[in-house]
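In case you want the letters, here they are:
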Amino acid sequence: MTEDVYTYDVRCRTCRTMFKVQLFESHQKNLFLVDKKDWYCEKCKKEYFSEQTKKLAKAHLAIGFPELNGSLKMVSWAEKIRAELINKVDYLRKSLKFENDDEKEQSGKAFDMFFREWQEKTEAKWWIDHRKMTIRNISKRVAEISELIK
Ligand SMILES: [Zn+2]
């Protein structure tokens, strides 16, 4: 077998440039993939990710989360994680029920302070390191803050 067996020509869906991919399934399956899959060249893939990252960064800036520091790849990943984690906080916040207005106000303050802690995390690496944070973790930290400001 030669190496050619594994290399196929595909066309980028965005810029229509032909490029080579290596596939490792059976020849028949590879041909199917070449035909059916949406292929994107490296350049378009990079542009797509940087577009997505820019969009997220802009949305985050609007809610007080500053731009992240780090390599392009890390920032791109960290922005996605940050979006997911912020969604978790919003979900938690909406799911809470309160006995009275005081409790509600207290909780609101705790969440604001919690977000302020996150807004100070401007290193992409911090978000990547904390990507596994769960709603339970978040809830625990908010409860701690709530105790502190009582
Ligand atoms: Zn392309």
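What you see is a predicted model, and the numbers here were worked out from it, not measured in a lab.

**Concerning the nonpolar core**
Nonpolar side chains in soluble globular proteins generally cluster together in the buried interior.
Moving on, step 1. Grouped together as the largest cluster of nonpolar side chains are 6 residues: Leu 68, Val 75, Trp 77, Ala 78, Ala 124 and Trp 127.
Moving on, step 2. Those elements that place two or more of their residues in this core are helix H3 (72–95) and helix H5 (124–129).
Moving on, step 3. With residues up to four places along the chain from it excluded, the contact list for Leu 68 reads Val 75, Ala 78, Glu 79, Thr 122, Glu 123 and Ala 124.

**Concerning the domain arrangement of the chain**
Moving on, step 1. The domain boundaries assigned to the chain delineate domain 1 (3–36) and domain 2 (46–148).
Moving on, step 2. Placing the centre of domain 1 and that of domain 2 at their C-alpha centroids yields a distance of 40 Å.

**Here's the deal with the environment of Cys 12**
Moving on, step 1. When you line up the elements, Cys 12 lands in the loop between strand E1 (7–11) and strand E2 (18–22).
Moving on, step 2. Residue class for Cys 12 comes out partly exposed when judged on the 17 C-beta atoms lying within 10 Å of it.
Moving on, step 3. Expressed as a C-alpha distance, the spacing of Cys 12 and Ala 110, which sit 98 residues apart in the sequence, is 48 Å.
Moving on, step 4. Leaving out residues up to four positions away in the same chain, Cys 12 has contacts with Thr 17, Phe 19, Trp 39, Tyr 40, Cys 41 and Cys 44.

**Here we look at the packing of H3 against helix H6 (residues 135–148)**
Relative orientation and spacing of two packed helices are given, respectively, by the angle between their axes and the distance between those axes.
Moving on, step 1. The N-to-C vectors of H3 and H6 enclose an angle of 65°; their axes lie 10 Å apart at closest approach. Read as a crossing pair, H3 and H6 show a hand that is right-handed. Across the interface between the two elements, Lys 88, Val 89, Tyr 91 and Leu 92 from H3 touch Ile 135, Ile 138 and Ser 139 from H6.
Moving on, step 2. Here the contact of H3 with H6 is built from residues that sort into 5 nonpolar, 1 polar and 1 charged.

Conventions used here
Residues numbered from 1 in each chain as written. Predicted model: local features only at pLDDT ≥ 70, side-chain atom pairs only at ≥ 80, totals over all residues. Core = buried A, V, L, I, M, F, W, Y, C linked by C-beta atoms within 7 Å. Buried ≥ 20, exposed ≤ 12 C-beta atoms within 10 Å, placed from the backbone. Helix = DSSP H or I, 4+ residues; strand = E, 2+ residues; numbered from the N terminus. Contact = placed C-beta atoms within 7 Å. Domains from an automatic or database assignment. Axes fitted to C-alpha atoms, helices over the stretch in contact; angles between N-to-C directions. Left-handed = near helix turned anticlockwise from the far one by under 90°. Nonpolar A, V, L, I, M, F, W, Y, C, P; charged D, E, K, R; others polar.

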